[in-house]
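Here's the letter readout for the chains.
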Amino acid sequence: MIARVSLPAQSAAWATDLHLNFLERERSDALFLSFAACPADIILLSGDISDGVRLETHLLRLGELVKKPVLYVLGNHDRYHTTFAEADDIAARVGARHRHLIRLKGTEVVSFSPRTALVGIDGWGDGTSGTGSSSTVVLNDSIHIGELARLPEAECWALIQRLARDSAERIEPALRQAAGEFGRVIVLTHVPPFPEAAWHAGRTSDPDFLPHFCNARLGETLRRVSASHPGTEFLGLCGHTHGAGQYVERNLTVITAGAEYRKPRIDRLLEL
């Protein structure tokens, strides 16, 4: 079932890959206060807010210091030292306490204006891009996330692929509904949906990294929906790779924001 959320707004501030677990409380508070003071009506966060141990503490503090709506998805680091299930529970507990903190799960259409709506989902590296399961790259995901750490390598790849597939399938109904009603649809996710959007150090990621840094299953969905709604403008906002870049095809633009550990910031203000 698709949930309809109305949040009238003229502008949004977008940030990603904050990695607040690397900051002292004074510095994370200063970041939150900059969110509160910025001219944007809402805040968008595209994942890797903290790690699983400190995620609840940071989200609760965010809710205390920032009273404007905050819409967010989770990233892979938000599950570190815990599990997928516990990270989901944390988001639910925080949402019950701070109603203006809204975790997007792929089943919501958030309308900002008669022209602009937002859909969002965490997403995951699809495990098939680039060199696929032949990749020699091992991310800390398979060490620090409970469900992945318990699996043999082949089963770990299978779970990664299922997570990516599920994210693409879950968001498609909301994406299609938004595209049919609005002239502009913003898609908030953590993992870049195209290899060409998986930027790092000024160029797209190497094939060995792409299985972890691209959610091509979501990209297939975006291409399919955007092609069937040529009059709608689609804007994807993502992070994960810590490299900045932009990829455009037809009526679809994907912006990947750069990030640096211990230096979180608002990437840009968006007119809605």
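Nothing here was measured: the structure is a model prediction, and the numbers come from that model.

Criteria and thresholds
Residues numbered from 1 in each chain as written. Predicted model: local features only at pLDDT ≥ 70, side-chain atom pairs only at ≥ 80, totals over all residues. Heavy atoms only, no water. Helix = DSSP H or I, 4+ residues; strand = E, 2+ residues; numbered from the N terminus. Buried < 20%, exposed > 50% of the residue type's maximum accessible area, 1.4 Å probe, protein only. Contact = heavy atoms within 4.5 Å. Lys, Arg positive; Asp, Glu negative; His and termini not counted. Salt bridge = Lys/Arg side-chain N within 4 Å of Asp/Glu carboxyl O. Polar contact = N/O pair within 3.5 Å; in protein donor to acceptor, adjacent residues only side chain to side chain. Pairing = 2+ DSSP bridges. Axes fitted to C-alpha atoms, helices over the stretch in contact; angles between N-to-C directions. Right-handed = clockwise from strand over helix to strand, strands pointing away.

**Student:** What is the right way to read the environment of Gly243 from this model?
**Tutor:** Tracing the backbone shows Gly243 in the loop between β11 (233–238) and β12 (245–249). Residue classification places Gly243 among the buried positions, given a relative accessible area of 4%. When near neighbours in sequence (up to four residues on either side) are disregarded, Gly243 contacts Trp199, His200, Thr256, Ala257 and Gly258.

**Student:** Got a minute to help me understand the side chain of Lys68 in this structure?
**Tutor:** Within the fold, Lys68 resides in the loop between α2 (55–65) and β4 (70–73). It is Asp41 that comes nearest to the buried, bridge-free Lys68 among opposite-charge side chains, at 6.7 Å. Of the polar contacts made by the side chain of Lys68, one reaches the backbone oxygen of Phe35; its length is 3.1 Å. Among all residues touching Lys68, those that are not within four sequence positions of it are Phe35, Ala36, Cys38, Ala40, Asp41, Ile42, Ile43 and His100.

**Student:** Before we go on, may I ask you to explain the environment of Asp48 in this structure?
**Tutor:** On the secondary structure map, Asp48 appears in the loop between β3 (42–46) and α2. The class for Asp48 is buried, based on a relative accessible area of 1%. If we skip the residues at most four places from it in the chain, Asp48 touches Asp17, Leu18, His19, Leu74, Gly75, Asn76, His77, Asp78 and His190. For Asp48, the side chain forms a polar contact with the main-chain nitrogen of Asn76, separated by 3.2 Å.

**Student:** Please explain the sheet that holds strand β6 (residues 108–111) as it appears in this structure.
**Tutor:** Strand pairing in a sheet relies on backbone hydrogen bonds, with the paired strands running either antiparallel or parallel. In space, the seven strands of this open sheet follow the order β1-β6-β7-β8-β11-β13-β12, with mixed pairing throughout. The open sheet terminates on both sides in strands that have one partner only, identified here as β1 (3–6) and β12. For this sheet the average axis-to-axis angle between neighbouring strands, irrespective of direction, equals 20 degrees. Here four bridges tie β1 to β6, and the two strands are oriented parallel to one another. Paired with Ser6 across the bridge in β6 is Ser111. The sheet strands contacting helix α6 (residues 153–181) are β1, β6, β7 (116–121), β8 (184–189) and β11, and the helix crosses β7 at an angle near 180 degrees.

**Student:** How do you make sense of the pairing of β4 when you look at a structure like this?
**Tutor:** Two faces, one strand: in a regular strand the side chains alternate between the faces of the sheet. With burial as the criterion, each face of β4 is covered, one bearing Val70 and Tyr72 and the other bearing Leu71 and Val73. Alignment of β3 against β4, held across four bridges, turns out to be parallel. Directly across from Ile43, in β4, lies its bridge partner Val70. What joins β3 to β4 is α2, and the crossover it makes is right-handed. As judged from the three bridges shared by β4 and strand β5 (residues 101–103), these two strands associate in the parallel manner. Looking at β5, one finds that Val70 is bridged to Leu101. Remark: the β4/helix α3 (residues 84–97)/β5 crossover connection has right-handed handedness.

**Student:** It is not clear to me how unusual backbone geometry should be interpreted in this structure. Could you clarify?
**Tutor:** Excluding glycine, residues mostly carry a negative phi; peptide bonds, for their part, are mostly trans. Positive phi, normally seen in glycine, also occurs at His240, with a value near 80 degrees. Position of His240 among the secondary structure elements: in the loop between β11 and β12. If you check the backbone angles, Arg250 has positive phi at about 50 degrees while not being a glycine. Along the chain, Arg250 turns up in the loop between β12 and β13 (252–256). Judged by relative accessible area, Arg250 falls into the exposed class, the value being 58%.

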